Amino acid sequence: MSSVIDMLNDKQKEAALHTEGPLLILAGAGSGKTRVITNRIAYLIDECGVNPWNILAITFTNKAAGEMRQRVDDMVGYGSDSIWVATFHSTCVRILRRYIDKIGYDTNFAIYDTDDTKTVMKGICKRLQIDTKQMHERAFLSAISRAKDEMMTAADLMLDAMGDFGATQVAKVYAEYERELKKCNALDFDDLLLKTVELFKAWPDILDLYQERFKYIMVDEYQDTNTVQFEFIRLLASKYSNICVVGDDDQSIYKFRGANIRNILDFEKVYPDAKVVKLEQNYRSTQNILDAANAVISNNAGRKDKSLWTDKGEGGNVHFRQCESSYEEAEYVVDTILKNKREGRYDYSDCAVLYRTNAQARVLEEKFILSGIPYDVVGGVNFYARREIKDILAYLKTIDNARDDLAVKRIINVPRRGIGATTINKVQEYANANDITFYEALTKAEEISSIGRSAVKLKPFVTMIQVFRSKLSYLTLEELVKDILETTEYIENMESDSTEDAQARVENIEEFINKVVAYEDEQDEDEASLSGFLEEVALVADIDSADTDSNKVLLMTLHSAKGLEFPFVFITGMEEGLFPSYMNITSDDPSELEEERRLCYVGITRAMNELTLTCARQRMIRGETQFNAPSRFIREIPPGLMDLKVPANRIRMNDGPVPVKSKPYAMSSRERSEAVKPYIASAGSRTMASVGIKTGKEMVSSGAPDYGVGDRVRHIKFGEGVVKQIDKGIRDYEVTVDFGGYGVKKMLAGFAKLKKI
DNA sequence: CGTACTAGTCTTTTT
DNA sequence: GACTAGTACG
């Protein structure tokens, strides 16, 4: 019987075969760590007779979890679905949904995202009369988040503050914030981990249950774990000690959000009997690229000693190019890609353009559009954080379970219903006084004497929500969402007050409906519940846009590039003040600069065959033109590895402005959105198809309806009616129908789903 | 209560 | 330069 580990090298084998007891795999960039993990899982099941049910594999992102799940499924035949592959957060949610009542929460708790917590914080600052100009909401939130990462309570912070005014205030706000979330039966992202650890500590029998369940634990990207995540894993593994962590201290780039690099550096101290395996053979890059990466990272102190090698051969030099402006830089990137494409050396999908900040994508995008190169920007604004999507989600949350005050308040006046801040405050006061939720208070509006005439406006809102609820039993989720949009005339209202980006918003809503349909298709007939959908969406940042099969250049930040590889990589904006960022240069903490250097290391090691580093002498940052010297990271690469267009000592440092030869072409925002459209439009559908999800019925059709003026049609809610008028709207046909008893309605053909009779 | 303008703010990012 | 939040006014 041929073994699953035969395809591994010696080191990889050593790691895969060590199944009992703690194991640290130090996996350098491109050393095949995912392969080791999946093979190790297969080995555990096939050769050691481990029940798949007893295996837990934890990742940070949904994307990583999805990829691992895929590869495990491919490798392990029978029983692979019972392997628990999930992110930290979704793992905790699953545990908490079962047992959180043991520590005083309701099991249908809400999960507050970053936006929600900001809203909560704003309210607290107002109530405590904190001057948010002096101390920002964001500062409080990040202080609280950091405290939670370190498992510190508000009381702990208060003790630590030792009377210091600022620190005391943070502690007070923290306590208030906790009270507020508890009142709403809500958890923030940090709480998901924290409360699970709390639960495990308070209820040893529950912990034991999960220890028995997860006898073999694997953690990916271990260098990015924070203290509470470490504790979660430690507790789970403390019975059987079969814990395997994989990571690379040189790729730790999330310190700013609480990652504790000591978790990986001190692993052997916590587990003295741990076996350590270093994977140093790189299967990705040429020797020159690796040498450049090694040279840069060797400037960092306090790392685990290792150095990557490859048998891929020397390869070409690393290219470096200093440009006059960001426009010229973008042109250089575009021209190089076109030239390579023409000469048949690299296709579009072989190339990736990386940068430090998302804002840098704009100029690049403009040039890509002009040149006609197909591209995709990865990341940017979180899909589910967009206003229109959050609005619809708030409706769904309210219908599902009106305990989420934030959701109810979000939509009570969206679209406008003439319910203002004063009324909302009065309802809230009433709710506080009677210890009921905001929504419950709404249902008793007529009892609130202070509201007066406004009570009349609240009634229809409550009725509407109740009507939606009553329809839950027979409408599909898709129908429900469309019903919400129609009943509230959401799109019409949106179009009337913001014509500029209304079109993009409508497209987002359509994409959202696609997502809903995809969810329903995934589930078995009766399984597709509203709560289930909201659960899934709460922990997903973006619609997965990894469409590697389409032939496009990918643009993304260095952070989002982690874990990916490309034959040709551009790293742009290699300038002091931008990369490394100004914040980190001026910081008195030298470890901040080391994190930037690790980021540079991550960037360089994404490249398989060719790497081009570019910088601009002149760049617009935050509406201000800056003149920056080339990044220090450039100078850390031995000149012998680079092909410099000018000798190194002739590279111009920041010696002031030079007249720009040609006026940079800048597109108007309309031109831009027009030009960008075809790519965006194709991105969504392709994503769905590539994941193998049926999008169900055809979305809003741009074709003409199959009925005309005067025809009788049927609508799902209003019944039969007569078509009065059909107008070609911005993106769809607007149909005016007389429904007799229901009156005359104007609706979008795509949403209305009218049937000719 | 809603709108229109002004002032201030900007890292990186996932859940 | 772009976005958002807050404020002044109708």
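The structure presented is a predicted model; accordingly, all values stated were derived computationally and were not measured.

Calculation notes
- Residues numbered from 1 in each chain as written.
- Chains lettered and ligands numbered in written order.
- Predicted model: local features only at pLDDT ≥ 70, side-chain atom pairs only at ≥ 80, totals over all residues.
- Heavy atoms only, no water.
- Helix = DSSP H or I, 4+ residues; strand = E, 2+ residues; numbered from the N terminus.
- Expected span 1.5 Å × (residues − 1).
- Buried < 20%, exposed > 50% of the residue type's maximum accessible area, 1.4 Å probe, protein only.
- Contact = heavy atoms within 4.5 Å.
- Near = heavy atom within 4 Å.
- Nonpolar A, V, L, I, M, F, W, Y, C, P; charged D, E, K, R; others polar.
- pLDDT = per-residue confidence, 0-100.
- Pairing = 2+ DSSP bridges.
- Right-handed = clockwise from strand over helix to strand, strands pointing away.
- Phe/Tyr/Trp six-rings, centres within 6.5 Å; stacked < 30°, edge-to-face > 60°.
- Lys NZ or Arg CZ within 6 Å of the ring centre and 35° of its normal.
- Polar contact = N/O pair within 3.5 Å; in protein donor to acceptor, adjacent residues only side chain to side chain.
- Core = buried A, V, L, I, M, F, W, Y, C linked by side-chain atoms within 4.5 Å.
- Patch = residues over 30% accessible without salt bridge, like charges linked within 9 Å, V, L, I, M, F, W, Y side chains within 5 Å.
- Areas by Shrake-Rupley, 256 points an atom, 1.4 Å probe, with all protein chains shown as cover.
- Salt bridge = Lys/Arg side-chain N within 4 Å of Asp/Glu carboxyl O.
- Lys, Arg positive; Asp, Glu negative; His and termini not counted.
- Charge placed at Lys NZ, Arg CZ, Asp CG, Glu CD.
- Axes fitted to C-alpha atoms, helices over the stretch in contact; angles between N-to-C directions.
- Left-handed = near helix turned anticlockwise from the far one by under 90°.

**Focus on helix α15 (residues 326-342)**
- The terminal C-alpha atoms of α15 lie 24 Å apart, and with 17 residues this matches the ideal 24 Å at 1.5 Å per residue to within 8%.
- The set of residues buried in α15 consists of Ser326, Glu329, Ala330, Tyr332, Val333, Val334, Thr336, Ile337 and Asn340.
- Elements that come into contact with the buried residues of α15 comprise β9 (318-325), β10 (351-355), α16 (361-371), β12 (553-557), β13 (566-571) and β14 (607-621).

**Topic: the protein's contact with DNA strand C**
- Taken together, Lys122, Arg362, Met620, Arg622 and Gly623 make up the full set of residues adjacent to DNA strand C.
- For DNA strand C, the fraction of atoms within 4 Å of the protein that belong to sugar or phosphate moieties is 33%.
- For the surface near DNA strand C, the class distribution of residues is one nonpolar, one polar and three charged.

**Let's talk about the confidence of the model for chain A**
- Here chain A averages 83 in pLDDT, and 86% of its residues register 70 or above.
- Element-level mean pLDDT values for chain A span from 30 in helix α29 (residues 669-691) up to 97 in helix α10 (residues 204-213).
- Scored below 50 in pLDDT, residues 655-703 shows 71 contacts in the model against residues more than four places distant or in partner chains.

**Side note on the pairing of strand β3 (residues 84-87)**
- Of the two faces of β3, the one carrying Trp84 and Ala86 and the one carrying Val85 and Thr87 are both buried.
- Sheet topology note: the strand β2 (residues 55-59)/β3 ladder contains four bridges and is parallel. By the bridge assignment, leucine 56 is partnered in β3 with tryptophan 84.
- In this region the chain leaves β2, passes through helix α3 (residues 62-75) and returns to the parallel neighbour β3; the handedness of that crossover is right-handed.

**With respect to the packing of aromatic side chains**
- A full pass over the atoms with the stated rule returns 17 aromatic pairs.
- For the pair tyrosine 222 and phenylalanine 267, a centre-to-centre distance of 5.8 Å together with 85° between the ring planes defines the contact as edge-to-face. Here tyrosine 222, found in the loop between β6 (216-219) and α11 (227-237), pairs with phenylalanine 267, found in helix α13 (residues 267-270); they are 45 residues apart in sequence, far enough to count as distant. For the pair formed by tyrosine 222 and phenylalanine 267, the shared burial category is buried.
- An angle of 80° between the planes, with centres 5.4 Å apart, marks the rings of tyrosine 346 and phenylalanine 568 as edge-to-face. Note that tyrosine 346 is positioned in the loop between α15 and β10 and phenylalanine 568 in strand β13, a separation of 222 residues in sequence.
- With a relative accessible area of 11%, tyrosine 346 lands in the buried category.
- Pairwise contacts between aromatic rings join Phe60, Trp84, Phe88, Tyr99, Phe200, Tyr210, Phe214 and Phe232 into one cluster.
- Against the face of tryptophan 84 rests arginine 94, its NZ or CZ located 3.8 Å from the ring centre.
- Looking at arginine 213, its charged tip hangs above the ring of tryptophan 53, at a distance of 3.4 Å from the centre.

**Describing the environment of tyrosine 348**
- Its place among the elements puts tyrosine 348 in the loop between α15 and β10.
- Of the residues examined, tyrosine 348 reaches a relative accessible area of 13% and is grouped as buried.
- Expressed as a C-alpha distance, the spacing of tyrosine 348 and isoleucine 373, which sit 25 residues apart in the sequence, is 7.7 Å.

**Observations concerning the side chain of asparagine 263**
- Looking at the element boundaries, asparagine 263 is found in helix α12 (residues 262-265).
- Here asparagine 226 takes part through its backbone oxygen, which lies 3.4 Å from a polar atom of the side chain of asparagine 263.
- Not counting chain neighbours up to four residues away, the residues in contact with asparagine 263 comprise Tyr222, Thr225, Asn226, Thr227 and Phe230.

**Side note on the nonpolar core**
- Grouped together as the largest cluster of nonpolar side chains are 54 residues, with contacts concentrated most on Leu393, Leu396, Leu442, Phe512 and Phe533.
- Residues within four places of phenylalanine 533 in sequence aside, it is in contact with Leu393, Leu396, Leu477, Phe512, Lys515, Val516 and Tyr519.
- Within the second largest apolar cluster, 47 residues are counted, among which are Leu56, Ile100, Tyr105 and Ala237.

**Describing the side chain of glutamate 596**
- Inspection of the secondary structure assignment puts glutamate 596 in helix α27 (residues 590-604).
- Reaching out from glutamate 596, the side chain makes a polar contact with the backbone nitrogen of serine 581 at a distance of 2.9 Å.

**A few points about the environment of isoleucine 100**
- Along the chain, isoleucine 100 turns up in the loop between α4 (88-99) and β4 (110-112).
- For the pair isoleucine 100 and threonine 196, spaced 96 residues apart in sequence, the C-alpha separation works out to 8.0 Å.
- Isoleucine 100 has contacts with Tyr105, Asp106, Thr107, Phe109 and Leu187, leaving out every residue within four places of it along the chain.

**What to know about a positive patch on the surface**
- There is a patch of like positive charges on the surface, built from Lys118, Lys122, Lys126 and Arg138.
- Turning to its location among the elements, lysine 126 is positioned in helix α5 (residues 114-127).

**Quick notes on the pattern of salt bridges**
- Tallied over the full model, the rule gives 48 salt bridges.
- Between glutamate 176 and arginine 127 there is a salt bridge, with its nearest N and O atoms 2.8 Å apart. Of the two residues, glutamate 176 is situated in helix α8 (residues 165-183) and arginine 127 in helix α5; the sequence distance between them amounts to 49 residues.
- Glutamate 176 sits in the buried class, given a relative accessible area of 15%.
- The residue arginine 262 makes a salt bridge to aspartate 266 at a minimum N-O spacing of 3.1 Å.
- Owing to a relative accessible area of 17%, aspartate 266 belongs among the buried residues under this scheme.

**Notes on the packing of helix α9 (residues 189-202) against α11**
- Their axes nearest at 9 Å, the elements α9 and α11 cross at an angle of 35°. α9 and α11 meet at a crossing whose hand is left-handed. Between α9 and α11, the contacting residues are Leu193, Leu194, Thr196, Val197, Phe200 and Lys201 on the first element and Val228, Gln229, Glu231, Phe232, Leu235 and Leu236 on the second.
- Grouping the amino acids of the contact of α9 with α11 by side-chain chemistry returns eight nonpolar, two polar and two charged.

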